[in-house]
Amino acid sequence: MSRIGNAIINIPAGVTVSCANNVITVKGPKGTLSQEYDPIITLTVEGNVAKFTRANDLGPTKAKHGLYRALCANMVKGVTEGFKKTLIVNGVGWKVAKQGKKVVMNVGFSHPVEIEEIDGIVLDCPSQTEITVSGIDKEKVGQFSAMIRGVREPEPYHGYGIRYSDEVIERKVGKAAGGKG
């Protein structure tokens, strides 16, 4: 029995959840999201509660049951609250700044790296060493944050790089001096 799949989704006021032609559509104050789903899973919306049921108890069906329930719950949260990830830039002389709809990063290269906002993603720089990525689609926010982090991944010896605010970088000890002479 899928604990995630059987959990109900409470729909807050101002949010509508509908399904037609195997597409879940969630509309809320921050925008609209949609997701295709397998017809072996059924969505029923009664009042302010959404519930997913599955047609059989096969392994792949059970997996999809929990998956589509989690995706729908994320869509409901996205159109009401939104999602946000914060990245920290750590390095000597490294800094970031927002210019219009793009973020310009000086992160140890001979040239500045420019990253432009895409549809559904808002970039902000509250300080010279922070970047916040926000939007209503959890998948897009996570993917865009990973792309920014990939510009300069954190390295374990000095701690330089771009990391998530809640990420812990395990530091390594450098090469020992001395030896046989």
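Residues numbered from 1 in each chain as written. Predicted model: local features only at pLDDT ≥ 70, side-chain atom pairs only at ≥ 80, totals over all residues. Heavy atoms only, no water.

Caption draft 1: Focus on the sheet that holds strand 5 (residues 41-46). The 3 strands are arranged 1-6-5 in an open sheet whose pairing can be described as antiparallel. Every other strand in the sheet has two partners, leaving strand 1 (9-10) and strand 5 as the edge strands with one partner each. Strands in contact with helix 2 (residues 59-80) are strand 1, strand 5 and strand 6 (49-54); relative to strand 6, the strand with the most contacts, it is inclined by about 165°. (Pairing = 2+ DSSP bridges. Helix = DSSP H or I, 4+ residues; strand = E, 2+ residues; numbered from the N terminus. Contact = heavy atoms within 4.5 Å. Axes fitted to C-alpha atoms, helices over the stretch in contact; angles between N-to-C directions.)

Caption draft 2: Seen up close, helix 3 (residues 138-149). Here helix 3 is 12 residues long and its end C-alpha atoms lie 16 Å apart, about the 16 Å a rise of 1.5 Å per residue gives. Within helix 3, the full set of buried residues consists of V141, F144, S145, I148 and R149. Viewed along the axis of helix 3, the buried residues span an arc of 140°, placing them on a single side of the element. Of the residues in helix 3, the exposed ones pointing more than 90 degrees away from the buried face are E139 and Q143. Next to the buried residues of helix 3 lie strand 7 (83-90), strand 9 (102-106), strand 10 (113-116), strand 11 (121-124), strand 12 (130-135) and strand 13 (161-164). (Expected span 1.5 Å × (residues − 1). Buried < 20%, exposed > 50% of the residue type's maximum accessible area, 1.4 Å probe, protein only. Arc of directions from axis to C-beta.)

Caption draft 3: Region of the structure containing the packing of aromatic side chains. Tallied over the entire structure, the rule returns 2 aromatic pairs. Between Y37 and Y68 the ring centres are 6.2 Å apart and the planes differ by 65°, which places this aromatic pair in the edge-to-face class. A residue pair is termed long-range when its members are at least 10 positions apart, and Y37 in the loop between strand 4 (31-36) and strand 5 and Y68 in helix 2 qualify at 31 residues. Residue classification places Y37 among the buried positions, given a relative accessible area of 10%. A relative accessible area of 11% places Y68 in the buried class. With centroids separated by 5.9 Å and ring planes inclined at 45°, the aromatic side chains of W94 and Y160 adopt a geometry described as tilted. With a gap of 66 residues between them, W94 in the loop between strand 7 and strand 8 (95-99) and Y160 in the loop between helix 3 and strand 13 connect regions that are remote in the sequence. (Phe/Tyr/Trp six-rings, centres within 6.5 Å; stacked < 30°, edge-to-face > 60°.)

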